[in-house]
Amino acid sequence: MTITGDMLRTHPKADASNALLTCIEACVECAQSCAACADACLSEDMVAELTECIRKNLDCANVCAATAAVLTRQTGSNPDTIRAVLEACRAACAACAEECEQHEQMHEHCKICAEACRRCEQACVELLAA
C-alpha cells in the first residue's frame, strides 16, 4: 500500500475507492513528470522550438497538483468543484500529451511525460465516471 492509500484508508471520513486512489497517484506522478519535462526542455539546445511544450508542461503540472490536493481532502464534499478540477485536469493532460507526443521521437523525456499525461487523463475519466 502507498502512503496515499494508507492516508485514505485511515481517514475517518474517506471514500477510499480504487478510482480515487489511482487518480490522486496519477495526478502526483503527472505533476512531477511535467515539471521534470519542462526543466529538461529548458536544457535542450533547441529550447526556442519547445516553448509551447514547456508552457503546456507547466500548466499541466500545476493543474495536476491542484487536482491531487482537492481530491485528497475528504472532510465534507464539493461535487461541483471536484467535477470541475477533474475536467480541467483531463483537458490539461490531453493537451500536454498531444504536445509531448510531437517531440517524443527526438526527446525521450517528452515520451515519458506523454505517457504519464495519458495515464492521468484516463484516471480522471474513470473517476468522473465513478
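Higher on the page you've got the structure.
In this report, we go over the structure that sits alongside the text. (Residues numbered from 1 in each chain as written. Predicted model: local features only at pLDDT ≥ 70, side-chain atom pairs only at ≥ 80, totals over all residues. Heavy atoms only, no water.)

### Some details on the overall build of the protein
Line of reasoning, step 1. For the protein, the helix and strand inventory stands at five helices and zero strands.
Line of reasoning, step 2. Starting at the N terminus, the α and β elements of the protein follow one another as α-α-α-α-α.
Line of reasoning, step 3. Expressed along its principal axes, the backbone C-alpha trace of the protein runs to roughly 50 × 30 × 20 Å.
Line of reasoning, step 4. For the protein, the residues scored as buried account for 39% of the 130 residues in total.
Line of reasoning, step 5. Placing the 10 positive and 20 negative side-chain charges of the protein at their respective mean positions leaves the two points 9 Å apart. (Helix = DSSP H or I, 4+ residues; strand = E, 2+ residues; numbered from the N terminus. Buried < 20%, exposed > 50% of the residue type's maximum accessible area, 1.4 Å probe, protein only. Lys, Arg positive; Asp, Glu negative; His and termini not counted. Charge placed at Lys NZ, Arg CZ, Asp CG, Glu CD.)

### What to know about helix H4 (residues 79-101)
Line of reasoning, step 1. Compared with an ideal rise of 1.5 Å per residue, which puts 23 residues at 33 Å, H4 spans 32 Å between its outermost C-alpha atoms and is within 8% of the ideal.
Line of reasoning, step 2. Its buried side turned inward, H4 meets helix H2 (18-43), helix H3 (51-72) and helix H5 (108-129). (Expected span 1.5 Å × (residues − 1). Contact = heavy atoms within 4.5 Å.)

### Structural notes on the nonpolar core
Line of reasoning, step 1. Ranked by internal contacts, the top residues of the largest apolar core, which has 37 residues, are Cys60, Cys64, Cys117 and Cys120.
Line of reasoning, step 2. Elements that contribute at least two residues to this core include exactly H2, H3, H4 and H5.
Line of reasoning, step 3. Among the elements that line this core, the one with the most residues is H2, at twelve residues. (Core = buried A, V, L, I, M, F, W, Y, C linked by side-chain atoms within 4.5 Å.)

### With respect to the packing of H2 against H3
Axes are the key here: two packed helices are described by the angle between their axes and the distance separating the axes.
Line of reasoning, step 1. It is the contact of H2 with H3, at a shortest axis distance of 8 Å, that shows an interaxial angle of 155°. Taken together, H2 and H3 sit at an angle that is classed as roughly antiparallel. Between H2 and H3 the crossing geometry is left-handed.
Line of reasoning, step 2. Across the contact of H2 with H3, the residue classes tally to 22 nonpolar, three polar and no charged. (Axes fitted to C-alpha atoms, helices over the stretch in contact; angles between N-to-C directions. Parallel < 35°, antiparallel > 145°, perpendicular 65-115°, else oblique. Left-handed = near helix turned anticlockwise from the far one by under 90°. Nonpolar A, V, L, I, M, F, W, Y, C, P; charged D, E, K, R; others polar.)

### Description of the packing of H3 against H5
Line of reasoning, step 1. Following both chains from N to C, one finds H3 and H5 inclined at 35°, their axes separated by 12 Å at the closest point. Here H3 runs over H5; the crossing is left-handed. Residue-level contacts link Cys53, Asn57, Cys60, Cys64 and Leu71 of H3 to Cys110, Cys113, Cys117, Cys120 and Leu127 of H5.
Line of reasoning, step 2. Here the contact of H3 with H5 is composed, by residue class, of nine nonpolar, one polar and no charged.

### A look at the pattern of salt bridges
Line of reasoning, step 1. Under the definition given, this model contains nine salt bridges.
Line of reasoning, step 2. The partner of Glu52 in a salt bridge is Lys56, with the nearest N and O atoms 3.7 Å apart. Placement of both Glu52 and Lys56 in helix H3 is noted, with a separation of four residues, approximately one turn of the helix.
Line of reasoning, step 3. Owing to a relative accessible area of 41%, Glu52 belongs among the partly exposed residues under this scheme.
Line of reasoning, step 4. Between Lys56 and Glu99 there is a salt bridge, with the nearest N and O atoms lying 3.9 Å from each other. Of this pair, Lys56 sits in helix H3 while Glu99 sits in helix H4; the two residues are 43 residues apart in sequence, bridging distant segments of the chain.
Line of reasoning, step 5. Taking relative accessible area as the criterion, Lys56 reaches 25% and is therefore assigned partly exposed.
Line of reasoning, step 6. Judged by relative accessible area, which is 9%, Glu99 ranks as buried.
Line of reasoning, step 7. Linked through salt bridges whose partners overlap, the residues forming this network are Glu52, Lys56 and Glu99. (Salt bridge = Lys/Arg side-chain N within 4 Å of Asp/Glu carboxyl O.)

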